Amino acid sequence: MAFKLKGKEEKFFSILNEHAELCHEASLLMVKALKGEISKETALGDIDRKEKEADELVNETVERLRKTFITPMDREDIQELIDELDTTIDSIKDIMDKMCMYQAGDPVEGSIRLAEIAAKCMKHITKSISYMGSLKKNYIKVEGRALEVLRLESEADDVYHEAMAKLFTECKDPIEIIKWKEILNSMEDTIDGCERLVGTFRRVVLKYA
C-alpha cells in the first residue's frame with residue numbers, strides 16, 4: 001500500500017517526524033555536553049525544552065487519533081511509535097539529569113562513544129520516519145537504516161562492557177564509580193530503546209509496504 005494522503009491524515013507523519021527530530025537534536029546536545037563543548041546544565045536545559053515540545057506532540061497525536069475517522073495506518077501503530085519516541089527523549093533527558101544531579105566528573109572512557117552511537121541511531125531513525133509517507137517506494141532504504149541501527153546497537157554492547165570493565169578496574173574513586181555506572185547503564189538503556197523502536201518500525205513497514 002503506497003500512502004497518498006493529504007490534509008489531516010498526512011499530519012500524523014509530520015508529527016512523528018518532528019518528534020524524531022527532537023530526539024536526534026537532544027542526542028546531539030548530549031554528545032556536546034560529554035565532549036565539553038557546552039556545559040551539562042546548558043544541555044539539560046535545552047533537552048528539557050525539547051522534551052516538553054515532544055510531550056505536546058504526543059498529546060496532539062492522541063487528540064488527532066481521537067478525532068480522525070480514517071487514519072493512514074492502524075491507530076495502535078501510530079500510538080506505539082510516538083510512545084517509543086517519547087521514551088527515547090525521556091531517556092536522553094534522564095542521562096543529563098544524572099550527570100547534573102550527581103555532578104559527575106570528567107567523562108569515563110566509552111561514555112562519549114556511547115553518546116555518539118545513540119545520536120547516530122537517532123539520525124537513522126529520523127530519516128526512516130521521514131519515508132513513512134511512501135513506504136512502498138522507500139522500504140529498501142528504511143530496511144538498510146534499520147539494519148545499521150541494529151549494527152550500532154551491537155557495537156554499543158561491546159563499548160558498554162569495555163567501559164564498565166575499565167570503570168571498575170581503573171577508577172580509584174568509589175563515588176565516581178557509582179555515578180558513572182548509573183550513567184553508563186542509562187546510555188545502554190537509551191540505545192536498547194532505539195533497537196526496540198527500530199523493531200516496531202520494521203513491523204510497521206512489513207505491514208504497510
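Residues numbered from 1 in each chain as written. Predicted model: local features only at pLDDT ≥ 70, side-chain atom pairs only at ≥ 80, totals over all residues. Heavy atoms only, no water.

- In the annotation of an unreviewed UniProt entry, the entry for the protein chain reads Phosphate transport regulator, and the organism field reads Veillonella montpellierensis DNF00314.
- For the protein chain, the Sequence similarities (unreviewed entry) comment in UniProt is given as "Belongs to the UPF0111 family." (UniProt positions renumbered as here; feature names shortened; annotations may be inferred.)

**Side note on the overall build of the protein chain**
Phase 1: Across its full length, the protein chain carries 6 helices and 0 strands.
Phase 2: Helices and strands appear in the protein chain in the N-to-C order α-α-α-α-α-α.
Phase 3: For the protein chain, the spread of C-alpha atoms along the principal axes amounts to about 60 × 30 × 25 Å.
Phase 4: Relative to its 209 residues, the protein chain shows a buried fraction of 48%. (Helix = DSSP H or I, 4+ residues; strand = E, 2+ residues; numbered from the N terminus. Buried < 20%, exposed > 50% of the residue type's maximum accessible area, 1.4 Å probe, protein only.)

**Focus: the environment of Thr200**
Phase 1: Residue position: Thr200 is located in helix H6 (residues 174–208).
Phase 2: Taking relative accessible area as the criterion, Thr200 reaches 7% and is therefore assigned buried.
Phase 3: Residues Thr200 and Leu81, 119 residues apart in the sequence, show an inter-C-alpha distance of 7.2 Å.
Phase 4: If we ignore the near neighbours within four places in the chain, the residues touching Thr200 are Glu80, Leu81 and Glu84. (Contact = heavy atoms within 4.5 Å.)

**Quick word on unusual backbone geometry**
Phase 1: With phi around 50°, Gln103 is a residue other than glycine that occupies positive phi space.
Phase 2: Relative to the elements of secondary structure, Gln103 occurs in the loop between helix H3 (75–101) and helix H4 (111–130).

**Describing the packing of H4 against helix H5 (residues 135–170)**
Phase 1: Their axes nearest at 9 Å, the elements H4 and H5 cross at an angle of 165°. The orientation of H4 with respect to H5, classified from their angle, is roughly antiparallel. Viewed along their axes, H4 and H5 form a crossing whose handedness is left-handed. Two secondary-structure elements touch here, H4 through Arg113, Leu114, Ile117, Lys120, Cys121, His124, Ile125, Lys127 and Ser128 and H5 through Val142, Arg145, Glu148, Val149, Leu152, Glu155, Ala156, Val159 and Tyr160.
Phase 2: The residue inventory of the contact of H4 with H5, partitioned by class, reads 10 nonpolar, 2 polar and 6 charged. (Axes fitted to C-alpha atoms, helices over the stretch in contact; angles between N-to-C directions. Parallel < 35°, antiparallel > 145°, perpendicular 65-115°, else oblique. Left-handed = near helix turned anticlockwise from the far one by under 90°. Nonpolar A, V, L, I, M, F, W, Y, C, P; charged D, E, K, R; others polar.)

**Some words on the nonpolar core**
Across soluble globular proteins, you tend to see nonpolar side chains buried next to one another.
Phase 1: Formed by 68 residues in total, the largest nonpolar core has its most connected members in Leu85, Ile125 and Leu184.
Phase 2: Those elements that provide at least two residues to this core are helix H1 (8–34), helix H2 (40–67), H3, H4, H5 and H6.
Phase 3: Contact partners of Leu184, with chain neighbours within four places excluded, come to Val108, Ser111, Leu114, Tyr160, Ala163, Met164 and Leu167. (Core = buried A, V, L, I, M, F, W, Y, C linked by side-chain atoms within 4.5 Å.)

**A word on the packing of H3 against H6**
Phase 1: Two elements in contact, H3 and H6, have axes separated by 9 Å at closest approach and are oriented at 165°. Here H6 runs roughly antiparallel to H3, going by the angle between their axes. Our pair here, H3 against H6, has a crossing hand that is left-handed.
Phase 2: Grouping the amino acids of the contact of H3 with H6 by side-chain chemistry returns 12 nonpolar, 5 polar and 9 charged.

**Looking at the pattern of salt bridges**
Phase 1: Evaluation of the coordinates by the stated rule reveals 23 salt bridges.
Phase 2: In this structure, Asp94 and Lys98 form a salt bridge, with 3.3 Å as the shortest nitrogen-oxygen distance. Taken together, the positions of Asp94 and Lys98, both in helix H3 and 4 residues apart, correspond to about one turn of that helix.
Phase 3: In this structure Asp94 comes out as partly exposed when scored by relative accessible area, which is 30%.
Phase 4: Taking the relative accessible area as the measure of exposure, Lys98 reaches 13% and is therefore buried.
Phase 5: Three or more residues are tied together by salt bridges with common partners; here these are Lys35, Arg113, Glu116, Glu148, Arg151 and Glu155. (Salt bridge = Lys/Arg side-chain N within 4 Å of Asp/Glu carboxyl O.)

**Let's talk about the side chain of Glu176**
Phase 1: Locating Glu176 in the fold gives a position in helix H6.
Phase 2: Polar side-chain contacts of Glu176 include one of 3.2 Å to the backbone nitrogen of Gly105.
Phase 3: A polar contact of 3.2 Å, which involves the side chain of Glu176, links it to the side chain of Lys179.
Phase 4: For Glu176, the contacting residues outside a window of four places in its chain are Gln103, Ala104, Gly105, Leu167 and Cys171. (Polar contact = N/O pair within 3.5 Å; in protein donor to acceptor, adjacent residues only side chain to side chain.)

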